[in-house]
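Letter by letter, the chains look like this.
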Amino acid sequence: MKITYTLTDESPALATYSFLPIVQAFLGKVGIQVETSDISLSARILAQFPERLKESQRIKDELAILGEIVNQPDANLIKTPNISASIPQLKATIKELQGKGFNVPDFPDEPKDEAQKAIKEKYQKVLGSAVNPVLRQGNSDRRCTKAVKEYAKKNPYRVVEFHKDSKTRVSYMQKGDFFDNEKAILIPNSTKARIEFVGSKGTEILKDNLKLDKNEILDATFMSAKTLDEFYTKEIEVCKKENILLSLHLKATMMKVSDPVIFGHAVKIYFKELFDGFSEELARLGVNANNGVNELLTKIENSSKKQEILAKYKEILDKSAPLSMVNSDKGITNLHIPSDVIVDASMPAMLKNGARLWDKDGKECDTNALIPDKTYATIYEAVVEDLRANGTLNPSTLGSVSNVGLMAKKAQEYGSHDKTFIAKENGIFRITDEKGAVLLEHKVEKGDIYRANQAKFEAVQNWIDLGIERADLTGNKAIFWLDSKRASNKIMIDLVQARLKEKGKDIAILPPKEACLESLKLIRNGKDVISISGNVLRDYLTDLFPILELGTSAKMLSVVPMLNGGSMFETGAGGSAPKQVEQLVEENHLRWDSLGEFLALQASLEFYAQKIGNKQAQVLANSLDNAIGKWLNNNKAPSRKVGEDDNRTSHFYLALYWAQALAQDSSDSTLQGFFKEIAEELSANANKIHQEYLSAQGVKVDLGGYYKFDDAKCNAIMRPSATFNTILAKIK
Ligand code: NAP
Ligand code: MG
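Everything numeric here is computed off the predicted structure, so don't read it as measured data.

The rules behind these values
Residues numbered from 1 in each chain as written. Chains lettered and ligands numbered in written order. Predicted model: local features only at pLDDT ≥ 70, side-chain atom pairs only at ≥ 80, totals over all residues. Heavy atoms only, no water. Helix = DSSP H or I, 4+ residues; strand = E, 2+ residues; numbered from the N terminus. Rg over C-alpha atoms; globule rule 2.2 N^0.38 Å. Buried < 20%, exposed > 50% of the residue type's maximum accessible area, 1.4 Å probe, protein only. Areas by Shrake-Rupley, 256 points an atom, 1.4 Å probe, with all protein chains shown as cover. Phe/Tyr/Trp six-rings, centres within 6.5 Å; stacked < 30°, edge-to-face > 60°. Contact = heavy atoms within 4.5 Å. Near = heavy atom within 4 Å. Polar contact = N/O pair within 3.5 Å; in protein donor to acceptor, adjacent residues only side chain to side chain. Donors = N, O, S within 2.8 Å, 3.2 Å for Na, K, Ca; no water. Pairing = 2+ DSSP bridges. Axes fitted to C-alpha atoms, helices over the stretch in contact; angles between N-to-C directions. Disulfide = S-S within 2.5 Å. Salt bridge = Lys/Arg side-chain N within 4 Å of Asp/Glu carboxyl O. Core = buried A, V, L, I, M, F, W, Y, C linked by side-chain atoms within 4.5 Å. Right-handed = clockwise from strand over helix to strand, strands pointing away. Nonpolar A, V, L, I, M, F, W, Y, C, P; charged D, E, K, R; others polar.

### Describing the overall build of the protein
(1) Moving on: Along the backbone of the protein there are 28 helices and 24 strands.
(2) Moving on: In terms of overall size, the protein behaves like a compact globule, its C-alpha atoms giving a radius of gyration of 26 Å where 732 residues would be expected to give roughly 27 Å.
(3) Moving on: Taking the principal axes of its C-alpha atoms as reference, the protein extends roughly 80 × 65 × 60 Å.
(4) Moving on: With 732 residues in all, the protein has 60% of them scored as buried.
(5) Moving on: Accessible surface for the protein amounts to roughly 29,100 Å². Of this, 48% is attributable to carbon and sulfur atoms.

### Things to note about the packing of aromatic side chains
(1) Moving on: Under the criterion given, the structure shown has 23 aromatic pairs.
(2) Moving on: Ring centres 5.1 Å apart and planes at 55° place the aromatic pair F49 and Y123 in the tilted group. Linking F49 in the loop between helix 2 (41-48) and helix 3 (62-69) with Y123 in helix 5 (residues 114-124), this pair joins segments that are 74 residues apart in sequence. The same class applies to F49 and to Y123, which are both buried.
(3) Moving on: Considering the side-chain rings of F652 and F724, the 5.4 Å spacing of their centres and the 75° angle between planes classify their relative orientation as edge-to-face. In this pair, F652 sits in helix 24 (residues 647-664) while F724 sits in helix 28 (residues 722-729), placing the two residues 72 residues apart along the sequence.
(4) Moving on: The class of F652 is buried, set by a relative accessible area of 0%.
(5) Moving on: On the basis of relative accessible area, F724 is assigned to the buried category, the value being 3%.

### Focus: the environment of M568
(1) Moving on: By the element assignment, M568 lies in strand 24 (residues 567-571).
(2) Moving on: Its relative accessible area of 0% is what places M568 among the buried residues.
(3) Moving on: Along the chain, M568 and T378 lie 190 residues apart, while their C-alpha atoms are 31 Å from each other.
(4) Moving on: Filtering out sequence-adjacent residues up to four positions away, M568 remains in contact with L77, K79, L135, R136, S558, V559, V560 and M562.

### Description of the site of ligand 1
(1) Moving on: Inspection of the region around ligand 1 gives 23 residues, with G575, A577, Q580, R591 and D593 positioned closest.
(2) Moving on: Interatomic distance of 3.0 Å between a backbone N/O atom of N82 and an oxygen atom of ligand 1.
(3) Moving on: The backbone of G575 places a nitrogen or oxygen atom 2.7 Å from an oxygen atom of ligand 1.
(4) Moving on: Protein chains shield 81% of the accessible area of ligand 1, which is 870 Å² for the free molecule.

### What to know about the side chain of N76
(1) Moving on: Structurally, N76 can be placed in strand 3 (residues 76-79).
(2) Moving on: Of the polar contacts made by the side chain of N76, one reaches the side chain of S604; its length is 2.8 Å.
(3) Moving on: What N76 contacts, discounting residues up to four positions off in sequence, is M1, K2, I3, T4, S567, F569, S604, F607 and Y608.

### Digging into the coordination of the magnesium ion (ligand 2)
(1) Moving on: Of the protein atoms, only D344 (OD), D539 (OD) and D543 (OD) coordinate the magnesium ion (ligand 2), at distances of 1.9 to 2.1 Å.
(2) Moving on: Read in sequence order, the donor residues coordinating the magnesium ion (ligand 2) give the pattern D-x194-D-x3-D. One end of the pair, D539, and the other, D543, are both in helix 20 (residues 535-550), four residues apart, so they sit about a helical turn from each other. Residues D539 and D543 agree in their burial class; the two are buried.

### Things to note about the sheet that holds strand 16 (residues 420-422)
(1) Moving on: The four strands lie next to each other as 6-9-19-16, forming an open sheet whose pairing is antiparallel. Pairing within the sheet leaves two strands with one partner each, and these edge strands are strand 6 (183-186) and strand 16. Put simply, the sheet's adjacent strands are angled 10° from each other on average, direction ignored.
(2) Moving on: With three bridges connecting them, strand 16 and strand 19 (residues 449-455) associate as antiparallel partners. Of the residues in strand 19, the one forming a bridge with F421 is Y450.
(3) Moving on: Packed on one face of the sheet, helix 10 (residues 258-270) meets strand 9 (217-223), strand 16 and strand 19 and runs near 150° to strand 19.
(4) Moving on: Its contacts with the sheet put helix 18 (residues 487-503) on strand 6, strand 9 and strand 19, and the angle it makes with strand 6 is roughly 30°.

### Examining the side chain of K374
(1) Moving on: The residue K374 is located in helix 16 (residues 374-390) in this model.
(2) Moving on: The residues contacting K374, other than those within four sequence positions of it, are Y172, M173, Q174, K175, D177, F179 and D180.

### Thoughts on the state of the cysteines
(1) Moving on: Scanning the model with the defined rule gives zero disulfides in all.
(2) Moving on: Of all cysteine sulfurs, the one in C239 lies closest to C365, which takes part in no disulfide; the gap is 11 Å.
(3) Moving on: On the basis of relative accessible area, C365 is assigned to the buried category, the value being 12%.

### Some thoughts on unusual backbone geometry
(1) Moving on: Phi is positive for A355, close to 60°, though the residue is something other than glycine.
(2) Moving on: The topology assignment puts A355 in the loop between helix 15 (343-352) and strand 13 (356-358).
(3) Moving on: The phi dihedral of A577 falls on the positive side, at around 45°, and the residue is not glycine.
(4) Moving on: Structurally, the position occupied by A577 is in the loop between strand 24 and helix 21 (578-587).

### A short note on the sheet that holds strand 8 (residues 202-212)
To summarise the sheet geometry, strands pair through backbone hydrogen bonds and adopt either a parallel or an antiparallel arrangement.
(1) Moving on: Taken in spatial order, the four strands make up an open sheet running 8-7-17-18, and their pairing is antiparallel. Each end of this open sheet is capped by a strand with a single partner; those strands are strand 8 and strand 18 (438-444). Averaged over all neighbouring strand pairs, the angle between strand axes comes to 15°, with direction disregarded.
(2) Moving on: Across six bridges, the pairing between strand 17 (residues 427-432) and strand 18 is antiparallel. Residue pairing in the sheet places R430 in a bridge with E441 of strand 18.

### A short note on the pattern of salt bridges
(1) Moving on: By the definition in use, this model includes 56 salt bridges.
(2) Moving on: Where K299 meets E295, a salt bridge forms, and the shortest distance between an N and an O atom there is 3.5 Å. In this pair, K299 and E295 both sit in helix 13 (residues 293-299), four residues apart, roughly one turn of the helix.
(3) Moving on: On the basis of relative accessible area, K299 is assigned to the partly exposed category, the value being 23%.
(4) Moving on: R486 is paired through a salt bridge with E413; the nearest N and O atoms lie 3.3 Å apart. On the criterion of sequence distance, the pair formed by R486 in the loop between strand 20 (477-481) and helix 18 and E413 in the loop between strand 15 (401-405) and strand 16 is long-range, its members being 73 residues apart. By the burial criterion, R486 is buried, and E413 matches it.
(5) Moving on: In the salt-bridge network here, residues are joined through shared partners; they are K91, D109, E295 and K299.

### What to know about the nonpolar core
(1) Moving on: Membership of the largest hydrophobic core comes to 64 residues, with the highest contact counts inside it found for F26, L27 and W658.
(2) Moving on: The contacts of W658, once residues within four sequence positions are left out, are F26, L27, L601, L605, L620, S623, L624 and A627.
(3) Moving on: Within the second largest apolar cluster, 42 residues are counted, among which are F162, C365, A369 and W481.

### Concerning the pairing of strand 2 (residues 34-38)
(1) Moving on: Examined bridge by bridge, strand 1 (residues 3-7) and strand 2 share five bridges and lie parallel to one another. Bridging across to strand 2, T4 finds its partner in E35.
(2) Moving on: Handedness of the crossover joining strand 1 and strand 2 through helix 1 (residues 10-29) is recorded here as right-handed.

### A closer look at the packing of helix 22 (residues 595-612) against helix 24
(1) Moving on: Contact geometry of helix 22 with helix 24 gives a least axis separation of 13 Å together with a crossing angle of 35°. Of the residues in helix 24, those in contact with F598, L601 and L605 of helix 22 are S650, H651, L654 and W658.
(2) Moving on: Per-class residue counts for the contact of helix 22 with helix 24 are five nonpolar, two polar and no charged.

Structure, rendered in structure tokens:
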């Protein structure tokens, strides 16, 4: 068995330059092989175009290789967060690679011939949620470890008070959304299905040979474009009238096909006068509202109408609803870039900030948070209601909401990208089985956003069992977050009830809003509770509750027990923290907290030890557990301020405590003897090492790239303590 450690993007990738050498040294000592696998956005792009690259530039398709590894019974992966790229991010990466001499093609917005179509298809494989659905071949178990929770209670993050007269609210469509239009079926017999569109020109096959297995849940739904526009129009008026910020919260990264379109509608409605008034010029420039205002502003640079368009742009910003800002200083609005505001992280961040966001002057203001589809919007509505009724949450007394999430086999919406379509005209979307019988059918209008979702029986059953197992193991109350008013959930509820009956268990089933209110009530009373949820809620809840409880979702233990017996350990539940890279570049301070990596490594070692009965791996796992506890208690997490301990220093302290814990552990005398010496040397040099880390800070640094870092430069930047590096080199 070996451990595979992924190389990804932005902050976690930078942290890895410092942390991985420590991992390889300690694990290497007991003969555990740690391999790396580069699945960064740039590596994924390069792997698509070997024929265009020089021999020396070609790389293997590591994601495809990992996609096979995860199905092996001894798979043991440590996965750091990666960029789920939006089109603007993809384009920026292409530009950077081209500048570095890699002959990758431009992204064809509107492919003009077959060759361009083929290029676009390759890029589609890299966009959005390209990584996680491939790797996550199991359901998800995310929780806060006891040590982390205790630490968080003793050291609560700074909560911003929620004022009960706050005008903040969550708004969603009252009709015509995905929730309302959902239809579902439990597939009676395995079949190969087809998705077709019946329009004025006859029947067009959109997807053929869609494999459906017996007892899997197939659902389909659509969002009405017209109703969506009406919704936006109305909410803009509400914001104007009440003088509260308008902010849109979507998941344009993960939901790479549907959500950019929903985002684009908001851009077009908000800037309606601009899009109507300059429609020809914008079409000529190839402006696509789905890519956000930022692209529009870039593309008009060389237009003869630039000044007029800009004047209109400013006029609308002045007279329409005030927009929430991503960066007030730089004038970056909520509608600038589709991937800037991602609902699962952005909503809890707002909620813990007194439910306020920033306006154009950087002032904190009450907000109308638009989450058009009500399927999941209601959980945030529940939090606002709870805050209003019961006041600000107190993280030093809160219990914890852990999660068991359905995720395997690209379950539900997160596997829907190849089954998402925009209606080109009025017509009918339908899914038929191999005999031509209609399974599901939807009448739609031009522009409506249609998608079909699957949840395989094996995945659902494993998820229910995992939920029951966690409830049994912890004795905590558990709740299935399922809504009988939603067609697919209704079928799922039947499956859950049947399984619970079979196993003689009693677990509550509540619709998301009620489940959320109930969970908040329990944790306000200091109790722990398990949320057992579908795939999207898994994602949202494992940001929401950790952020409310701990201030961040990065400190979570996040395990994916694979259906085939292997395991993946994700590092926290958060993303790649792009803003932190800016600080590193500006002042050589990286505030990324690697606790998620530490926890993942500990669990991975534990899995290694147990799976193959390796005693030394168990010793490493136990001592790392101790070291993490000490690291937390001694407050060694990175500070946000330059000149203070950062990510790199925090890695040194973990190594020190790990070596010290090994020196104390008598279960393996050889290891103990060896690490006693290392611990003594690290300890004797601790002040010097600390100084070496601190004195490196406070200067601008050059990473040699953004999407493709320069390894030599980053190694030097992320490993500035010569003394520590020398001692570490002795371990192998
Ligand atoms: P995010 O990266 O979690 O960032 C939200 C904020 O949380 C960060 O700006 C940072 O706050 C804080 N944060 C997150 N992880 C942290 C850590 N380890 N240590 C300290 N602070 C941490 O979420 P996002 O902005 O929505 O997404 C950013 C990128 O990550 C996107 O490209 C997204 O697609 C990707 N993503 C990947 C995964 C995954 O691969 N599993 C999951 C989610 C998101 P401060 O900036 O204030 O320090
Ligand atoms: Mg998330």
